[in-house]
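# Structural overview for review
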Amino acid sequence: MMFRATARHPALILDDVRGARKMLSGVARVTALEGSRHLSELVGAPVHLKCENLQRTGSFKLRGAYVRISGLSPVERAAGVVAASAGNHAQGVALASSLLGVRSTVFMPVGAPLPKVAATQEYGAEVRLHGQVVDETLAAAQEYAERTGAVFIHPFDHPDIIAGQGTVGLEILEQCPEVRTIVVGLGGGGLAAGIAVAVKALRPDIRIVGVQAEGAAAYPPSLAAGHPVSLDNPVTMADGIKVGRPGDVPFAVIEELVDEVRTVTENELSSALLLCLERAKLVVEPAGASPVAALLSDPEAFRGPVVAVLSGGNVDPLLMQRVLRHGMSAAGRYLSLRLRLTDRPGALATLLAALTVADANVLDIGHVRTDPRLGLTEVEVDLHLETKGPRHCEEVEAALRAEGYRVIG
C-alpha cells in the first residue's frame, strides 16, 4: 500500500549532518554496503544492503545518541541523562554516555528481552524496569528527568538525534554514488528524516521510501491530516518501528522530503527476516528487515540501483525462533496434513517411508484413535512437515495420494 507526502519545511540542513559526522569520527563504524544477488534479480536492478545491523550496539541508534549527548553543556552532563527504550535506543544511549563520561539511567519495559537489558547494563547504564508498554516507560523516564534534572534523550524527536542518524545517508552516497532509490524503515522517523536531509540536499533526484509495519503505521494518517496523529494500539512484531505517534521534528522533514511511505504485513516482515538470514547471512531484527519486506512485496515499484537500510540486528533469540517459524510458514516451507490409515502394525512405518522418498522432514506427528468419526479399524494421523517450498508441498501431497493415502486436511 502506498501513501504520498505533502509539503512542509524541513527543520534541519546538510551542515547539521556534516557536523554530526565529524563528531562520530572514530566512534560509529562506517558500516558495510553489501550487494544482494537474489534481490537484484527480483527487482531487475542492483540492490545493496546498508548493514547498520553491524553497527556498534547492533543498530544505527548510537549515531544520534552520541551527537545529542555530545552537544550537552557541562552543567547538563553533570546532571546525567535518562532515556526510555525497549532496546536499541537504550543501548545507544548507554554506550554514548559511557564514551563521553556521562551518567545514564535507562527505563525499559518490564517485559523487555533479557539480552537487551543485559547489554544496556554492560554498556554502563543503570537500568530501571517500569511499565508493560513503552508509553508507560517513557512517562516514567520523563518524570525522572523532571524530578532529578537529568536530561531526557528522546529516541527520535530532536534535531541532534536526526542529524546523527543522517550520517547513514552520507555514507550511502559515498558507497553507492549511482543509487536511485533508498528504502528505510520508519517508526518515529528519526532515521528516515536524517537520511532525507542529507541525501536530498546533495542528490534531490534520489527517491526515498519509508516503510512501516501495517499494524503500526502512524505516518499514513498523519501525512493525510498534515500533522502527527496517534494510533490507539500499534501492533507488530517489529518493535523497532512500533511507534504510536510520529515525532514533531522528523514529521516536518518527512512530509517535505520523503517521497513515499509504504506498509508491509507481518508475513512480509517474517519472510524478509528469513531471506536476510538465508541468502545474505545477516542477522536482522524485524524492523531492520522492513525495507527488504517492501522490496519483496512489490519489486517492480523500485527504480535501481536500490539501497535498503538494515537498521538493526538486535533480535531476541526466542523471538527469532518464532519469527523464523512464521517466515518459513509464509514461504511455504511447512506443510500440515491429516491422513486416515488402517490401524494395523507397520502402517505408520510405511507412511514414514513414503515421506522419506518424497524428501519431506517430519517435525511432529500425532495419532488419534478415539474420534467418533473414525471407523473401527481407522486411525487419524496429523503430520507437520518441513519442505523446500510451495512446489515441494504439492509434490509431497501428490506422492502420498499416488501411494493410496487419503489426505483429509
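The model shown is predicted, which means the values in this text are computed figures rather than measured ones.

Scanning the protein chain from terminus to terminus reveals 17 helices and 15 strands. Overall size of the protein chain, expressed as C-alpha extent along the three principal axes, is 85 × 45 × 40 Å. Burial statistics for the protein chain: of 409 residues in total, 55% are counted as buried. For the protein chain, long-range pairs separated by at least 24 residues make up 74% of all intrachain contacts whose partners lie at least 6 apart in sequence.

Before going further, it helps to spend a moment on the sheet that holds strand 7 (residues 151–152). Strand pairing in a sheet relies on backbone hydrogen bonds. The paired strands run either parallel or antiparallel. Ordered by their spatial adjacency, four strands build an open sheet running 6-5-4-7, and the pairing between neighbours is parallel. Either end of the sheet is taken by a strand with one partner, and the two such strands are strand 6 (126–129) and strand 7. Note that strand 4 (residues 81–84) and strand 5 (residues 104–108) share four bridges and pair parallel. Residue A84 lies in a different strand from strand 5, and its bridge partner there is F107.

Attention now goes to the pattern of salt bridges. On inspection of all chains with the given rule, the structure shows 18 salt bridges. With a closest N to O distance of 3.0 Å, R245 and D248 form a salt bridge. Among the salt bridges present, the one from R338 reaches D382, with a minimum N-O distance of 2.7 Å. With R338 in strand 12 (residues 334–342) and D382 in strand 14 (residues 378–386), this residue pair connects regions lying 44 residues apart in the sequence.

All right, on to the side chain of S222 then. With respect to the helices and strands, S222 occurs in helix 11 (residues 219–225). Owing to a relative accessible area of 0%, S222 belongs among the buried residues under this scheme.

Quick look at helix 5 (residues 88–100) now. Taking 1.5 Å as the rise per residue, helix 5 with 13 residues should run 18 Å; its terminal C-alpha atoms sit 18 Å apart, in good agreement. Across the 13 residues of helix 5, eleven count as buried, placing the element largely inside the fold. Once helix 5 finishes, G101 follows within two positions and takes phi at roughly 70°, a positive value.

The predicted model of the protein chain averages 89 in pLDDT, with 94% of residues at 70 or higher. Taken as a whole, residues 1–9 scores under 50 in pLDDT and shows 30 contacts with residues more than four places along the chain or in a different chain.

Core analysis: the largest hydrophobic core is formed by 56 residues, its most contacted members being I69, V81, V179, I182, I195 and V309. If you tally residues by element for this core, the top one is helix 10 (residues 190–202), at eight residues. Those residues in contact with I69 that lie beyond four places of it in its chain are R77, V81, V93, A96, S97, L100, V102 and I153. Residues L39, C51, V315 and V323 belong to the second largest nonpolar core, which totals 38 residues.

Along strand 5, five of the five residues are buried, which leaves the element largely enclosed by surrounding structure. Crossover handedness for the path strand 4 to helix 5 to strand 5: right-handed. The pairing of strand 5 with strand 6 spans four bridges and is parallel. Within strand 6, the position partnered with M108 by the bridge is L129. Handedness of the crossover is the feature at issue here: the chain leaves strand 5, passes through helix 6 (residues 114–122), returns alongside strand 6, and the resulting connection is right-handed.

Cis geometry is found at the peptide bond from G304 to P305, where omega equals -5°. Mapped onto the fold, P305 is located in the loop between helix 14 (290–297) and strand 11 (306–310). In this model, T57 sits at a positive phi of 70°, which is unusual for a non-glycine residue. Its location among the elements puts T57 in the loop between strand 3 (47–51) and helix 3 (61–70). In this structure, K281 takes a positive phi of about 60° despite not being glycine.

The next subject is a nonpolar patch on the surface. On the surface, L352, V362 and I365 cluster together to form a nonpolar patch covering roughly 180 Å² of accessible area. Its location among the elements puts V362 in strand 13 (residues 361–368). Taking relative accessible area as the criterion, V362 reaches 30% and is therefore assigned partly exposed.

Scoring rules and cut-offs
- Residues numbered from 1 in each chain as written.
- Predicted model: local features only at pLDDT ≥ 70, side-chain atom pairs only at ≥ 80, totals over all residues.
- Heavy atoms only, no water.
- Helix = DSSP H or I, 4+ residues; strand = E, 2+ residues; numbered from the N terminus.
- Buried < 20%, exposed > 50% of the residue type's maximum accessible area, 1.4 Å probe, protein only.
- Contact = heavy atoms within 4.5 Å.
- Pairing = 2+ DSSP bridges.
- Salt bridge = Lys/Arg side-chain N within 4 Å of Asp/Glu carboxyl O.
- Expected span 1.5 Å × (residues − 1).
- pLDDT = per-residue confidence, 0-100.
- Core = buried A, V, L, I, M, F, W, Y, C linked by side-chain atoms within 4.5 Å.
- Right-handed = clockwise from strand over helix to strand, strands pointing away.
- Patch = residues over 30% accessible without salt bridge, like charges linked within 9 Å, V, L, I, M, F, W, Y side chains within 5 Å.
- Areas by Shrake-Rupley, 256 points an atom, 1.4 Å probe, with all protein chains shown as cover.

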